[in-house]
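# Structural overview for review
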Protein chains: 2
Amino acid sequence: MLSKAQIKYIQSLQRNKYRHQYQQYLAEGAKIVPELIIAGAKITQLFALPEWIEANSALLKQHALAAEPITADELQQASALSSPNQVIALVDIPPIDTVPTPTGLSIALDAVRDPGNLGTIVRTADWFGIKRVYCSTDCVDIYNPKTVQSTMGSIVRVEVIYTDLEVLFKEHKQIPVFAADMNGASLYSTHLPSEGILLIGSESHGISPSLAPYTLPITIPRFGGAESLNAAMAAGIILGWWKGH
Amino acid sequence: MLSKAQIKYIQSLQRNKYRHQYQQYLAEGAKIVPELIIAGAKITQLFALPEWIEANSALLKQHALAAEPITADELQQASALSSPNQVIALVDIPPIDTVPTPTGLSIALDAVRDPGNLGTIVRTADWFGIKRVYCSTDCVDIYNPKTVQSTMGSIVRVEVIYTDLEVLFKEHKQIPVFAADMNGASLYSTHLPSEGILLIGSESHGISPSLAPYTLPITIPRFGGAESLNAAMAAGIILGWWKGH
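In this report, the structure presented in the accompanying data block is examined. (Residues numbered from 1 in each chain as written. Chains lettered and ligands numbered in written order. Predicted model: local features only at pLDDT ≥ 70, side-chain atom pairs only at ≥ 80, totals over all residues. Heavy atoms only, no water.)

## Quick word on the overall build of chain A
What chain A contains, in helices and strands, is 10 helices and 10 strands. For chain A, the C-alpha radius of gyration of 20 Å lies close to 18 Å, the compact-globule estimate for 245 residues. In terms of overall dimensions, chain A has C-alpha extents of about 60 × 35 × 30 Å along its principal axes. Within chain A, the proportion of its 245 residues that are buried is 52%. In chain A, 74% of the contacts between residues at least 6 apart in sequence involve partners at least 24 apart. Split by element, the accessible area of chain A, about 11,100 Å² in all, is 51% carbon and sulfur. (Helix = DSSP H or I, 4+ residues; strand = E, 2+ residues; numbered from the N terminus. Rg over C-alpha atoms; globule rule 2.2 N^0.38 Å. Buried < 20%, exposed > 50% of the residue type's maximum accessible area, 1.4 Å probe, protein only. Contact = heavy atoms within 4.5 Å. Areas by Shrake-Rupley, 256 points an atom, 1.4 Å probe, with all protein chains shown as cover.)

Have a look at this one:
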């Protein structure tokens with residue numbers, strides 16, 4: 001049973017402002033919620049259809065979590081999705097007090113606006129064992145429901161830090177920053193060290209001019225006619241190459 | 001001015017059945033339509049807001065195309081998009097009489113269902129100069145409006161052929177088929193020849209058992225916690241590695 005106040009609270013988490021006020025985000029759906037439970041997300045509440053609770057009772061028990069049963073109507077009212085899917089979780093946003101120093105291989109994103117792109121980049125980073133993604137403050141919010149969805153649970157394993165990238169690059173001048181760019185050196189002939197930052201620019205404007213002086217531009221060689229690659233795809237192709245050398 | 005019959009015709013092209021009946025597809029929006037014009041798509045009709053026509057008059061002239069002016073209301077009625085965007089093009093589906101022999105590097109897709117994944121794979125294939133993508137007949141339709149959108153014009157440069165993949169692989173046994181799979185040899189230590197087929201399986205079920213005997217499974221090594229990679233991303237990472245060697 002969901003109260004009006006609870007429905008209002010859940011709906012409010014669809015907005016960046018309230019997520020930051022309450023330091024909580026929303027995860028929805030029978031695919032992502034178990035992923036988050038397994039990954040150890042700090043879930044404070046679970047609202048689910050009785051059939052979901054029954055099907056997941058072992059998982060809930062194992063993680064000492066109780067889910068509150070709700071009706072399909074209540075789910076529909078609270079959900080951000082057009083086709084709500086069985087379960088809603090309220091999750092604590094982990095606190096980040098200071099900007100951590102980049103170690104090993106990290107990613108930096110400059111004004112990436114598309115929720116799906118950010119989520120896919122975090123998921124792909126996680127595949128390749130990357131622990132930190134630094135985002136400029138004008139990137140899309142990692143706790144946007146669409147982004148949460150497309151990370152597929154990797155949101156719990158990868159730290160996403162919003163910060164001024166210029167300050168970050170200045171403070172860590174010893175760490176090379178490789179920027180994906182249409183006019184850089186070929187990826188295939190660039191030496192990529194085991195410690196470094198891969199910088200991906202915005203979908204429509206590329207890398208900001210203020211960041212360019214700190215970077216070494218690299219390009220994925222083009223053999224055909226496409227004018228560009230999707231930002232997440234470019235990140236994945238470069239990471240795949242980098243990790244193989 | 002759009003007649004009722006024209007609106008009905010345009011709307012019908014949102015459905016696979018009618019696209020195949022009329023051998024036409026729909027492209028919508030101020031970004032994709034100029035891409036298609038430049039790429040040489042066979043556009044039979046253009047319906048656009050007067051401001052789009054004015055802004056694109058040089059492009060239209062250069063390609064000897066006339067656009068019919070319509071109102072924002074008419075655009076809204078005919079459009080498949082929730083926020084229609086200035087222009088709709090009706091485009092002929094190029095005929096494919098026989099299944100072409102794979103040459104160089106090709107892609108095969110087994111039951112890829114997500115329109116965005118298919119579109120992104122075609123766009124990425126185009127970047128790497130791949131001319132042909134073979135789809136199992138249960139893949140999503142390449143002329144689905146969302147797929148058309150996400151190819152970003154590459155739909156004109158890459159031939160997408162729907163066929164029985166088992167028959168294709170049997171008929172061309174001399175061409176090695178590398179299948180992206182969670183349990184294959186490491187991509188990083190596999191010799192990838194300049195002629196071959198990259199097979200990508202469905203988002204939820206991977207490669208069909210009936211195709212497995214024809215393939216050499218390869219895996220993108222995992223260094224972190226993510227359970228899987230998005231299908232389009234896996235395709236792009238493998239292609240990026242393949243083309244660099």
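Now that the structure has been shown, we can carry on.
## Some details on the sheet that holds strand β7 (residues 159-162) of chain A
Residue and element names in this part refer to chain A. Spatially, the 6 strands line up as an open sheet ordered β7-β6-β5-β9-β8-β10, and their pairing is parallel. Of all the strands in the sheet, the pair left with one neighbour each is β7 and β10 (215-219). Strand-to-strand twist of the sheet, defined as the mean angle between neighbouring strand axes without regard to direction, takes the value 35 degrees. When strand β5 (residues 105-109) meets strand β6 (residues 132-135), the two strands line up parallel, connected through 3 bridges. The residue of β6 that forms the bridge with Leu 109 is Cys 135. Sheet strands touched by helix α10 (residues 231-243): β5, β8 (177-186), β9 (196-200) and β10. Its angle to β9, the strand with the most contacts, is close to 155 degrees. (Pairing = 2+ DSSP bridges. Axes fitted to C-alpha atoms, helices over the stretch in contact; angles between N-to-C directions.)

## Examining helix α7 (residues 115-127) of chain A
Residues spaced three or four apart along an α-helix point in a common direction, a consequence of the helix completing one turn every 3.6 residues. Residue and element names in this part refer to chain A. Given a rise of 1.5 Å per residue, 13 residues ought to cover 18 Å, and the 19 Å separating the end C-alpha atoms of α7 matches this to within 8%. Along α7, 12 of the 13 residues are buried, which leaves the element largely enclosed by surrounding structure. Within α7, the full set of buried residues consists of Pro 115, Asn 117, Leu 118, Gly 119, Thr 120, Ile 121, Val 122, Arg 123, Thr 124, Ala 125, Asp 126 and Trp 127. The distance from a side-chain oxygen at the start of α7 to the backbone nitrogen of Gly 116 is 3.1 Å, and the residue carrying that oxygen is Asp 114. (Expected span 1.5 Å × (residues − 1). Polar contact = N/O pair within 3.5 Å; in protein donor to acceptor, adjacent residues only side chain to side chain.)

## Topic: helix α3 (residues 32-39) of chain B
Residue and element names in this part refer to chain B. Most of α3 is tucked away: 6 of the 8 residues are buried. By the burial criterion, the buried members of α3 are Ile 32, Val 33, Pro 34, Glu 35, Leu 36 and Ile 37. Close packing links the buried residues of α3 with β1 (24-28), β2 (43-48), α4 (50-55), α5 (57-62), β4 (87-92) and α8 (145-151). Trailing α3 by a residue or two, Gly 40 shows a phi angle of about 90 degrees, which is positive.

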